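For reference, the chains in residue letters:
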Amino acid sequence: MLGAGGAARAVVDALSAQGVTEIRAANRSPERVAALAAAAGDTVRPVPWEDREAALEDCGLLVNTTTLGQVGKPALDLDLGRLPPEAVVYDLVYAPLETDLLKAARARGHVGVDGLGMLIHQARPGFAAWFGAEAEATAALRSFAADGL
């Protein structure tokens, strides 16, 4: 996992709830990734940012929780060469939907997942609070949201 902010904490919680026992986390700020690891217990293993590519070996999932690659932000510099072919790449960035990370992953044959689904699911509780009705995360809603990006 790349990043150590709030989105990274949510990813750690979700993966831990699914039984994942090791999450390698790299962040540009060593203090932030150390704090994430301390809060998560033995599940998160901090990785120095400069070692992020080596940490891809034997991974089943790569999640980018940083803003790198987002419109108006610096590019994410990451060589996927050590990532196993069966690994899934999930980029939480949703603007652009097709980030350079996802393009590179798909070019190597990886399944790539963009961040629009997470954005939609984050909005559902707010929608329910404001309008008193549950919003369904449908293909039509995804298409509508993607057109607005």
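Please refer to the structure placed before this passage.
Residues numbered from 1 in each chain as written. Predicted model: local features only at pLDDT ≥ 70, side-chain atom pairs only at ≥ 80, totals over all residues. Heavy atoms only, no water.

A.B. asks: Just checking my understanding: could you explain the sheet that holds strand E4 (residues 88-91) for this structure?
C.D. replies: The strands that make up a sheet are held in pairs by hydrogen bonds between backbone atoms, and each pair lies either parallel or antiparallel. Strand order in the open sheet formed by three strands is E3-E4-E5, with parallel pairing between adjacent strands. Edge strands, defined here as strands with exactly one partner in the open sheet, are strand E3 (61-64) and strand E5 (111-113). Within this sheet the neighbouring strands show an average axis-to-axis angle of 15°, counted without direction. Sheet topology note: the E3/E4 ladder contains four bridges and is parallel. Bridge pairing in E4 links leucine 61 to valine 88. (Pairing = 2+ DSSP bridges. Helix = DSSP H or I, 4+ residues; strand = E, 2+ residues; numbered from the N terminus. Axes fitted to C-alpha atoms, helices over the stretch in contact; angles between N-to-C directions.)

A.B. asks: Got a minute to help me understand the packing of helix H4 (residues 116-131) against helix H5 (residues 139-147) in this structure?
C.D. replies: Geometrically, a packed helix pair is captured by the angle between its two axes and the distance between the axes. Running from N to C, H4 and H5 cross one another at 105°; their axes reach a closest spacing of 11 Å. Between H4 and H5, the angle falls in the class roughly perpendicular. Listed contacts from H5 to Leu116, Gly117 and Ile120 of H4 are Leu141, Arg142, Ala145 and Ala146. Across the contact of H4 with H5, the residue classes tally to five nonpolar, one polar and one charged. (Parallel < 35°, antiparallel > 145°, perpendicular 65-115°, else oblique. Contact = heavy atoms within 4.5 Å. Nonpolar A, V, L, I, M, F, W, Y, C, P; charged D, E, K, R; others polar.)

A.B. asks: Just checking my understanding: could you explain helix H1 (residues 6-17) for this structure?
C.D. replies: Quick reminder: α-helices carry 3.6 residues per turn. Residues three or four places apart thus point the same way. With 12 residues, H1 extends 17 Å between its outermost C-alpha atoms, agreeing within 8% with the 16 Å of an ideal straight helix rising 1.5 Å per residue. Here H1 has its buried residues at Ala8, Val11 and Val12. Axial view of H1: buried residues confined to an arc of 100°, hence all on one face. Across H1 from its buried face, at more than 90 degrees, point the exposed residues Gly6, Asp13 and Ala17. Where H1 is buried, its residues meet strand E1 (23-27), helix H2 (30-40), strand E2 (44-48) and E3. (Expected span 1.5 Å × (residues − 1). Buried < 20%, exposed > 50% of the residue type's maximum accessible area, 1.4 Å probe, protein only. Arc of directions from axis to C-beta.)

A.B. asks: What is the right way to read the packing of H1 against H2 from this model?
C.D. replies: Where H1 meets H2, the axes come as close as 11 Å, and the angle between the chain directions of the two elements is 30°. Put simply, H1 runs roughly parallel to H2. Once H1 is placed against H2, the crossing between them reads as right-handed. Together, Ala8, Arg9 and Val12 of H1 and Ala35, Leu36, Ala39 and Ala40 of H2 make up the contact between the two elements. In terms of residue class, the contact of H1 with H2 is made up of six nonpolar, no polar and one charged. (Left-handed = near helix turned anticlockwise from the far one by under 90°.)

A.B. asks: Would you mind going over the pairing of E4 with me for this structure?
C.D. replies: Every other side chain in a regular strand lies on the same face of the sheet, so the side chains alternate between the two faces. Where burial is concerned, the two faces of E4 differ: the one with Val89 and Asp91 is buried and the one with Val88 and Tyr90 is not. Pairing geometry for E4 and E5, over three bridges, is parallel. Residue valine 89 lies in a different strand from E5, and its bridge partner there is glycine 112. Between the parallel elements E4 and E5, the chain passes through helix H3 (residues 100-107) in a crossover that is right-handed. (Right-handed = clockwise from strand over helix to strand, strands pointing away.)

A.B. asks: Would you mind going over the side chain of aspartate 91 with me for this structure?
C.D. replies: In this structure, aspartate 91 sits in strand E4. Despite its burial, aspartate 91 remains without a salt bridge, the nearest opposite charge being carried by arginine 106 at 9.0 Å. Here the side chain of aspartate 91 touches asparagine 64 through a polar contact of 2.9 Å, side chain to side chain. At a separation of 2.8 Å, a polar atom in the side chain of aspartate 91 contacts the side chain of threonine 99. (Lys, Arg positive; Asp, Glu negative; His and termini not counted. Salt bridge = Lys/Arg side-chain N within 4 Å of Asp/Glu carboxyl O. Polar contact = N/O pair within 3.5 Å; in protein donor to acceptor, adjacent residues only side chain to side chain.)

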